[in-house]
Amino acid sequence: MSAAPLKFAYWVPNVSGGLVTSTIEQRTDWGYEYNRRLAVLAERNGFEYALTQVRYMAGYGAEYQHESTSFSLALLLATERLKVIAAVHPGLWHPGVLAKLGATADHLSDGRFAVNVVSGWFKDEFTALGEAWLEHDERYRRAEEFITALRKIWTEDHAEFAGDFYRLRDFTLKPKPLGTPGRPHPEIFQGGNSTAARRMAGRVSDWYFSNGKDFDGVAEQLADVRRSAAEAGRRAPRFGLNGFLIARDTEAEARETLREIVAKADTEAVEGFGAAVRQAGRSTADGKGMWQDSTFADLVQYNDGFRSGLIGTPEQIAERVVAYKKLGVDLFLLGFLHYHEEVEYFGKRVLPLVRELEARLPGTDSAPESVPAHA
C-alpha cells in the first residue's frame, strides 16, 4: 500500500453516447464546451487526471468522437492543474511523431501531458484503415517497443533503437518534454488484462490500468504485474482501477439507478461491442484477455466499470475505495452517468470521506496534492 493519497481520474466523454451503452438519460455531452467546463469542475473537485478516449470509427453507440491528442491539449490549455492523458494506438502512430506532439503539449501545459498506450482492441478500425491487424501478443510486443522508443526519444540525445516494429537512428528531439524530479518525461500509462499486458507493464510502463475488478481480481493482477517488474529489475508500475461510480443519498437509489441502466441497455450496440472485443481475449494462449468473462450487464459499461462495486452511499463508496487502496490501488479512473452534477457530488460528499479514512491508515501521508474547493 502506498503512503501517498489516492489519486482520481475521470473518463473524458469526448465520445458520444456517454459511458454506458444504454438509453437511460445521460446528462453528458461529447462536445468541447461541455468538456471544457467539466475539466475545470473536475480539477476543483479533487481530480488530478483526465483520460481522453480514442475511437477512430463510428459505431457501437459511439457515433461521434473527437480525436484524443488534440482534445487533450485543448483541455490542458483550459485548466491549471489537471493532467490529461491522451490515448494513442501503436500501429496508427509512430513513436517519433507522438514524441514531438507530446513535447510541445508538455511545454504548453507546464508539464501536465501524459499518454495511454492502447495496444489495439478494435480490429475493424485497423482493417478499415488498411492497416495490418496483428495477433494479440504481437500487438503487445509492438506496444512495448513503442514505449521503449518513446522513452528514449524523450530522455536521450542521438537515440538508437533497433526493434522489429520501430527503428531509431541517431534521432534527437528538441525541445524535450519538461523533466522534473520523479517525472523525467510525460507519464506513460497502459491497460490490458492479458498475461502479455501484465508482463509488458512490469517491464516498461509507469502506470497500469485495469478494467473493473473485484478485490480478488485486483489482488491477482497486482501480483502478476509486480512479479513481472521484479523479474525485469525495475520498480513496479503504479496501479489504476476502472470504476463506474453511482453515489446517491441512499443505497436503494444507487441500486435502482444501476438496475435502470442495465434494463435500458442498447442490446444491439452492447452485443456488437462484445463480439468486436472478445476476439482480443480469445486470441490469447491462456484466456486472460480483456472482456473474456464479461457478462452482458458488465459490457453495458464498456470497461467493466460496474464490477468494481462503487455503487451506494458516499460512506459505502469511500470505504470500498480505501479497501482497494489497502490492496495496492493508487488511482481510480471513474465514469459517471451525469458528469457535471456527479463530479461535484463526488468532490463534496465522497472525497472528504476517503481522505478521512486514508488519514487513519498507518503510515499514510494524508495531505493530497490537490484539495477540492469545498472539502
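Remember, it's a predicted structure, so these values are computed and weren't measured experimentally. (Residues numbered from 1 in each chain as written. Predicted model: local features only at pLDDT ≥ 70, side-chain atom pairs only at ≥ 80, totals over all residues. Heavy atoms only, no water.)

Applying the stated criterion across every chain, the model contains 26 salt bridges. Put simply, aspartate 106 and arginine 183 hold a salt bridge, and the shortest N to O gap is 2.6 Å. Highlighted residues: aspartate 106 in helix H3 (residues 95-108) and arginine 183 in the loop between strand E6 (167-171) and strand E7 (188-190), separated in sequence by 77 residues. Assigned by exposure class, aspartate 106 and arginine 183 land together as buried. Residue arginine 238 is joined to glutamate 187 by a salt bridge in which the shortest nitrogen-to-oxygen separation is 3.3 Å. Taken as a pair, arginine 238 in strand E9 (residues 238-244) and glutamate 187 in the loop between E6 and E7 lie far apart in primary sequence, 51 residues in all. Of the residues examined, arginine 238 reaches a relative accessible area of 30% and is grouped as partly exposed. (Salt bridge = Lys/Arg side-chain N within 4 Å of Asp/Glu carboxyl O. Helix = DSSP H or I, 4+ residues; strand = E, 2+ residues; numbered from the N terminus. Buried < 20%, exposed > 50% of the residue type's maximum accessible area, 1.4 Å probe, protein only.)

Any two packed helices are characterised by how steeply their axes cross, that is the angle between the axes, and by the distance between the axes. Relative orientation of the contacting elements helix H1 (residues 32-44) and helix H2 (residues 68-78) amounts to 50°, with a least axis distance of 9 Å. Taken as axis vectors, H1 and H2 run oblique relative to one another. The handedness of the crossing between H1 and H2 is right-handed. Facing Tyr32, Asn35, Arg36, Ala39 and Val40 of H1, the residues of H2 in contact are Phe71, Ala74, Leu75 and Ala78. Grouping the constituent residues of the contact of H1 with H2 by class yields seven nonpolar, one polar and one charged. (Axes fitted to C-alpha atoms, helices over the stretch in contact; angles between N-to-C directions. Parallel < 35°, antiparallel > 145°, perpendicular 65-115°, else oblique. Left-handed = near helix turned anticlockwise from the far one by under 90°. Contact = heavy atoms within 4.5 Å. Nonpolar A, V, L, I, M, F, W, Y, C, P; charged D, E, K, R; others polar.)

Under the defined criterion, the tally for this structure stands at 19 aromatic pairs. Between tyrosine 49 and tryptophan 207, the aromatic rings sit 6.1 Å apart at their centres with planes inclined by 65°, giving edge-to-face as the arrangement. Of this pair, tyrosine 49 sits in strand E2 (residues 49-52) while tryptophan 207 sits in strand E8 (residues 207-210), placing them 158 residues apart in sequence. Each of the two residues, tyrosine 49 as well as tryptophan 207, counts as buried. For the cation-ring pair, arginine 55 lies above tyrosine 302, with the distance from its terminal atom to the ring centre recorded as 5.6 Å. If you follow arginine 320 out to its NZ or CZ, it ends over the ring of phenylalanine 215, 4.4 Å from the centre. (Phe/Tyr/Trp six-rings, centres within 6.5 Å; stacked < 30°, edge-to-face > 60°. Lys NZ or Arg CZ within 6 Å of the ring centre and 35° of its normal.)

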